Amino acid sequence: MSKKIYSVICGTGKYIPTNIISNEVFLNNHFTDNSGKTFSQSNIEIIEKFEQITTINQRRFADDNLTTSDLGWLAAEDALNSSGIERESLDYIIFAQNFGELRHGNTGVDILPSLAARVKKKLNIVNPNTVAYDLLFGCPGWLQAMIQADYYIKSGEAHNVLVIGADILSRISDPHDRDSMIYADGAGATLLTSQTSNTPTGILTHKTRSDTLEYSEMLFMGDSYLPENGTKKGIYLKMHGRKLYQYALKHVPGAIQDCLNKSGVLLSDIKKVLIHQANGKMDDAILNRLYKLEGDLSVPFDVMPMTISWLGNSSVATIPTLLDLILKNELDGHKIKKGDKIIFASVGAGMNINAMIYQV
Ligand SMILES: CC(C)(COP(=O)(O)OP(=O)(O)OC[C@H]1O[C@@H](n2cnc3c(N)ncnc32)[C@H](O)[C@@H]1OP(=O)(O)O)[C@@H](O)C(=O)NCCC(=O)NCCS
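Rules of the game
- Residues numbered from 1 in each chain as written.
- Predicted model: local features only at pLDDT ≥ 70, side-chain atom pairs only at ≥ 80, totals over all residues.
- Heavy atoms only, no water.
- Helix = DSSP H or I, 4+ residues; strand = E, 2+ residues; numbered from the N terminus.
- Buried < 20%, exposed > 50% of the residue type's maximum accessible area, 1.4 Å probe, protein only.
- Contact = heavy atoms within 4.5 Å.
- Areas by Shrake-Rupley, 256 points an atom, 1.4 Å probe, with all protein chains shown as cover.
- Lys, Arg positive; Asp, Glu negative; His and termini not counted.
- Charge placed at Lys NZ, Arg CZ, Asp CG, Glu CD.
- Axes fitted to C-alpha atoms, helices over the stretch in contact; angles between N-to-C directions.
- Parallel < 35°, antiparallel > 145°, perpendicular 65-115°, else oblique.
- Left-handed = near helix turned anticlockwise from the far one by under 90°.
- Nonpolar A, V, L, I, M, F, W, Y, C, P; charged D, E, K, R; others polar.
- Near = heavy atom within 4 Å.
- Polar contact = N/O pair within 3.5 Å; in protein donor to acceptor, adjacent residues only side chain to side chain.
- Domains from an automatic or database assignment.
- Buried area = accessible area lost by both parts, 1.4 Å probe.
- Salt bridge = Lys/Arg side-chain N within 4 Å of Asp/Glu carboxyl O.
- Phe/Tyr/Trp six-rings, centres within 6.5 Å; stacked < 30°, edge-to-face > 60°.
- Pairing = 2+ DSSP bridges.

A short note on the overall build of the chain
Each helix and strand in the chain was counted, giving eight helices and 13 strands. Each principal axis of the C-alpha atoms in the chain carries an extent, and together these give about 65 × 55 × 40 Å. Taken over 360 residues, the chain has a buried fraction of 56%. In the chain, 78% of the contacts between residues at least 6 apart in sequence involve partners at least 24 apart. When the accessible surface of the chain is split by element, carbon and sulfur atoms take 51% of a total near 15500 Å². If you average the places of the 35 positive and of the 39 negative side-chain charges in the chain, the two averages end up 4 Å apart.

Observations concerning the packing of helix 5 (residues 241-263) against helix 6 (residues 280-293)
Any two packed helices are characterised by the angle at which their axes cross and by the distance between the axes. For the pair helix 5 and helix 6, interaxial distance at closest approach is 9 Å and the crossing angle is 40 degrees. By the angle between their axes, helix 5 is oblique relative to helix 6. Every pair of crossing elements has a handedness; the one defined by helix 5 and helix 6 is right-handed. Facing helix 5, whose interface residues are Y245, A248, L249, K250, V252, P253, G254, I256 and Q257, helix 6 presents K281, M282, A285, I286, R289, L290 and L293. Residue classes in the contact of helix 5 with helix 6 are distributed as eleven nonpolar, two polar and three charged.

Focus: the site of the ligand
Among the 19 residues in the neighbourhood of the ligand, the closest are listed as C139, D179, G241, R242 and N279. Within the side chain of K49, a nitrogen or oxygen atom sits 3.1 Å from an oxygen atom of the ligand. One of the side-chain N or O atoms of D179 is found 2.7 Å from a nitrogen atom in the ligand. Protein contact buries 77% of the 920 Å² of open area that the ligand shows by itself. At the level of elements, helix 1 (43-54) and helix 5 are the ones that each hand at least two residues to the shell around the ligand.

Focus on the domain arrangement of the chain
As far as domains go, the chain holds domain 1 (4-197) and domain 2 (202-226 + 234-359). Computed from C-alpha coordinates alone, the two centres of domain 1 and domain 2 are separated by 16 Å. Between domain 1 and domain 2, the residue contacts involve 63 residues of the former and 51 residues of the latter. Per-residue buried area on domain 1 facing domain 2 is highest for C139, W142 and L143; these three make up 13% of the total on that side.

Topic: the pattern of salt bridges
This model, assessed by the stated rule, comprises 15 salt bridges. The closest approach of N and O atoms between R118 and D110, which form a salt bridge, is 2.6 Å. By the burial criterion, R118 is buried, and D110 matches it. In this structure, the salt-bridge partner of K154 is D150, at a minimum N-O distance of 3.0 Å. Residue K154 and its partner D150 are both found in helix 4 (residues 141-154); the two are separated by four residues, about one turn of the helix. In this structure K154 comes out as partly exposed when scored by relative accessible area, which is 33%. Put simply, K14, D78, D324, K328 and E330 are held in one network by salt bridges that share partners.

Focus on the packing of aromatic side chains
Inspection of every chain in the model, using the stated rule, returns five aromatic pairs. On the basis of an interplanar angle of 0 degrees and a centroid distance of 4.0 Å, the ring pair of Y92 and Y152 is categorised as stacked. A residue pair is termed long-range when its members are at least 10 positions apart, and Y92 in strand 4 (residues 92-96) and Y152 in helix 4 qualify at 60 residues. For Y92, a relative accessible area of 19% translates into the label buried. Note on W142 and F344: the rings are 5.9 Å apart at their centroids and 50 degrees apart in plane angle, and the pair reads as tilted. One end of the pair, W142, is in helix 4; the other, F344, is in strand 12 (residues 341-348), with 202 residues separating them in the sequence.

Points about the packing of helix 2 (residues 68-83) against helix 3 (residues 115-122)
Relative orientation of the contacting elements helix 2 and helix 3 amounts to 55 degrees, with a least axis distance of 9 Å. For the element pair helix 2 / helix 3, the angle class is oblique. Here helix 2 runs over helix 3; the crossing is right-handed. Contacts between helix 2 and helix 3 involve T68, S69, D70, G72, W73, A76 and E77 from the first element and L115, R118, V119 and K122 from the second. Residues that form the contact of helix 2 with helix 3 fall into these classes: four nonpolar, three polar and four charged.

Some words on the side chain of Q97
On the secondary structure map, Q97 appears in the loop between strand 4 and helix 3. Note on Q97: relative accessible area 3%, which makes it buried.

A look at the sheet that holds strand 12
Strand order in this open sheet of four strands is 8-13-12-11, and the pairing throughout is mixed. Two strands in the sheet have a free side with no partner beyond their single neighbour: strand 8 (202-210) and strand 11 (270-275). Taking each pair of neighbouring strands and ignoring which way they run, the sheet shows an average axis angle of 15 degrees. Where strand 8 meets strand 13 (residues 352-359), eight bridges bridge the pair, whose relative direction is antiparallel. Pairing of K207 across the sheet is with A355, part of strand 13. The strands that helix 8 (residues 318-327) touches are strand 11 and strand 12; relative to strand 11, the one it contacts most, it runs at about 140 degrees.

Here's what the structure looks like:
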């Protein structure tokens, strides 16, 4: 076999905010439906039901003094430290995010300069050839940035790419919308480097799809369910949760299967499925359907590591944070070993779905 260029992960990092927000923190919220009507259930009943249908018990919120690019920068420093890669040798910094630079108390749009440019400055990188830009692709943004980085590396033009995913969803969460309890803050960062090899390694294949005709409004920016005087319009993240759930269940398993077929890797050879964490029950259902599609295989009990019960849905940060926790032996005995084959998969605003097969 002739030598080829592959993209391999050589460093990972994360920033998990220290503010632990349990479900009980929402006990005094005034929750309503989308017409502003107060629910008949008590808040205790609402949060118990919420945990039952999502498995979320806690989430993390960023400290008031930190912005989105700060979180991304802290994760990036962690990834650089763990990689041994010299920061001046980075060809690209790609920052996946969805709401720009969010500051405490200020939800105005701030996407200029890009968050990647802000991180490059905070990292004190002098090299003008380190190209820094943002990528907006809903929750699958981090994985899509990894896919872009793979194209750059496989072309032979780039050697080291830093991919960051960070969002502060607590700052665009409507306190009157019970679905907002899903959201969390966080950042993850991953370093990809080029490796020439006779045998396939690193990123093997990937698959992305965008379903916009029917599904582009599943996640959207909207008003508070109970607008107060002076509340700005259209600044909260809203979703049609049930429809979104059904969309994910219908299309994510097939997209993963397409990706597996492209790679020639069998599902039975997969050691871990690292999937976007938006709802624990939804991820279980997706996994079961995937194994059913592939000849009704039984699902290995430890194949899908989860963080959602204590980290919530931190958008683009969930998968890189999960990966970092596993690689640094910080997640309930989950391990990834040399030679393991892994599925990465995500679904989110767009609606977009992506999947990637990776060999360690
Ligand atoms: C939003 C979501 C949690 C709602 O759950 P669901 O099971 O679809 O909810 P349903 O509308 O079918 O309602 C089921 C029950 O849960 C209750 N419920 C719905 N949403 C709730 C919430 N956020 N909190 C508490 N209870 C809720 C309903 O009142 C209903 O109660 P009942 O059985 O007593 O009548 C779920 O649809 C979901 O997680 N969707 C996907 C979210 C996602 O992937 N977002 C992507 C962000 S990247």
